[in-house]
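Chain by chain, the residues run as shown.
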Amino acid sequence: MAMSDILVLLVVAAAGVGLSQAVVYKVGDKVGWTTTGSPNYTAWAASKTFHKGDTVVFEYNNTYHNVLGVRKEDYKACNASSPITTYTSGNDSIRLKRHGHHFFICGMPGHCEAGQKVDIRILKPTSSAAPSGSPAASPRPANGGKGNVSSPAASPRPSGAATAAPGGLAFALTLLHLAALAGGRLLPQ
C-alpha cells in the first residue's frame, strides 16, 4: 500500500469516529409538533442533552402548523412577524450547528401562546467533562415520551441515533499495523 493510500484511509476512519456522535431527536417524541393534548415542550427539551451536530426533527400537519426559528425576544413574546428561519414541510430536520439557545415557535395564530414553542439549548463543553467512553459520558439521554422528563439512565436512545463506534480507533490502528507489515513507511527516511 502506498503511503498516500494509508493516510487517506486513516483520515476517513478518524473522521467517521468523530461524526458518528450525532443524535436525532423528534421534537415532542410520539406526539410531534402540535397543540393537541397540550404537550409540554419545555419539559421535553429539559429531558434531553443536546450537543452540537445533533438534529431535531419537527413532524406536524403543515395545514395547521409551521416551525419558525426566532430570536429570544420573539420566543418570549410569541412574535412570529420576523422569523430568522421558516419551515413548512411538515417533516423538517434541523441540524444544530452552534452552542447556545435555539428558539422555535409555531407561527399560526394562538399556537405559540398555547405552548407550541421550544427552547433547545446546547451547552458549551467544559474542561471537566468526563472522557469519552466513561460511564458519565454514555449513553446520552434520549426520548422521554409525551413531554415527560425521564432520567438519562432509563431512557432509550432515539431511533436512528448513531453512537461512536469504539472499534473506529481500533480499525485505524489495524490499518496502520497492516501497512507496517506490508512494508509501507510512515515517515520518510
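Computed from a prediction, not measured in an experiment: that's the story for all the values here.

1. Remarks on the pairing of strand β5 (residues 91–95)
The two faces of β5 differ: Asp92 and Ile94 on one face are buried, but Asn91, Ser93 and Arg95 on the other face are not. Both strand β2 (residues 55–59) and β5 contribute to a ladder of five bridges, which runs antiparallel. Along β5, the bridge assignment pairs Phe58 with Asp92.

2. Some details on the state of the cysteines
Tallied over the full model, the rule gives one disulfide. Linked covalently through their sulfurs, Cys78 and Cys112 form a disulfide whose S-S length is 2.1 Å. Its torsion about the S-S bond being -70 degrees, the disulfide of Cys78 and Cys112 is classed as left-handed. One end of the pair, Cys78, is in the loop between α3 (72–77) and β4 (85–87); the other, Cys112, is in the loop between β6 (100–105) and β7 (117–122), and 34 residues separate them in sequence. With no disulfide partner, Cys106 has as its closest neighbouring cysteine sulfur the one in Cys112, 8.4 Å distant. Its relative accessible area of 2% is what places Cys106 among the buried residues.

3. Overview of the packing of aromatic side chains
On inspection of all chains with the given rule, the structure shows six aromatic pairs. Consider the rings of Trp33 and Phe58, whose centres lie 4.9 Å apart with planes at 85 degrees: the pair is edge-to-face. Of this pair, Trp33 sits in the loop between β1 (24–26) and α2 (41–46) while Phe58 is found in strand β2, placing the two residues 25 residues apart along the sequence. Of the two residues, Trp33 and Phe58, both sit in the buried class.

4. A look at the pairing of β7
Burial along β7 is one-sided: Val118, Ile120 and Ile122 are buried, while Lys117, Asp119 and Arg121, pointing the other way, are not. In this structure, β6 lies alongside β7, joined through six bridges in antiparallel fashion. Following the sheet pairing, His101 is matched in β7 by Arg121.

5. Structural notes on the sheet that holds β7
Strand order in this open sheet of four strands is β4-β3-β6-β7, and the pairing throughout is antiparallel. Both outer strands of the open sheet, β4 and β7, are each paired with one neighbouring strand and no more. Averaged over all adjacent pairs, the angle separating strand axes in this sheet is 20 degrees, with direction ignored.

6. Some details on the pattern of salt bridges
Scanning all chains against the criterion turns up two salt bridges. Between Glu59 and Lys26 there is a salt bridge, and its shortest N-O distance comes to 3.1 Å. Of this pair, Glu59 sits in strand β2 while Lys26 sits in strand β1, and the two are 33 residues apart along the sequence. Residue classification places Glu59 among the partly exposed positions, given a relative accessible area of 33%. Two residues, Asp29 and Lys48, come together in a salt bridge whose shortest N-O distance is 3.5 Å. Taken as a pair, Asp29 in the loop between β1 and α2 and Lys48 in the loop between α2 and β2 lie far apart in primary sequence, 19 residues in all. Residue classification places Lys48 among the buried positions, given a relative accessible area of 6%.

Quick notes on the rules
Here the residue numbers are simple positions, counted from 1 along each chain's written sequence. In view of the model being predicted, local features appear only for residues whose pLDDT reaches at least 70, and side-chain atom pairs are presented and counted only at 80 or more, with totals across whole chains, interfaces and linings using the full set of residues. Water and hydrogen atoms play no part in the side-chain values, which are based on all heavy atoms of the structure. Summary of the burial criterion: residues with accessible area below 20% of their type's maximum are buried, those above 50% are exposed, and those between are partly exposed, where the area comes from a 1.4 Å probe applied to protein chains only. For the purposes of this entry, the term helix denotes a DSSP run of H or I that reaches at least four residues, the term strand denotes a run of E that reaches at least two, and both are numbered from the N terminus. For two strands to be treated as a pair, DSSP must find no fewer than two bridges joining them. Cysteine sulfur pairs qualify as disulfides if the two atoms are within 2.5 Å. Centres within 6.5 Å make a pair out of two Phe, Tyr or Trp rings, where for Trp the six-membered ring is used; the pair is then stacked when the planes are under 30 degrees apart, edge-to-face when over 60, and tilted otherwise. Comment: axis = line fitted to C-alpha atoms, over the contacting stretch for helices; angle = value between 0 and 180 degrees taken between N-to-C directions. Any Lys or Arg side-chain nitrogen found within 4 Å of a carboxyl oxygen on Asp or Glu counts as a salt bridge.

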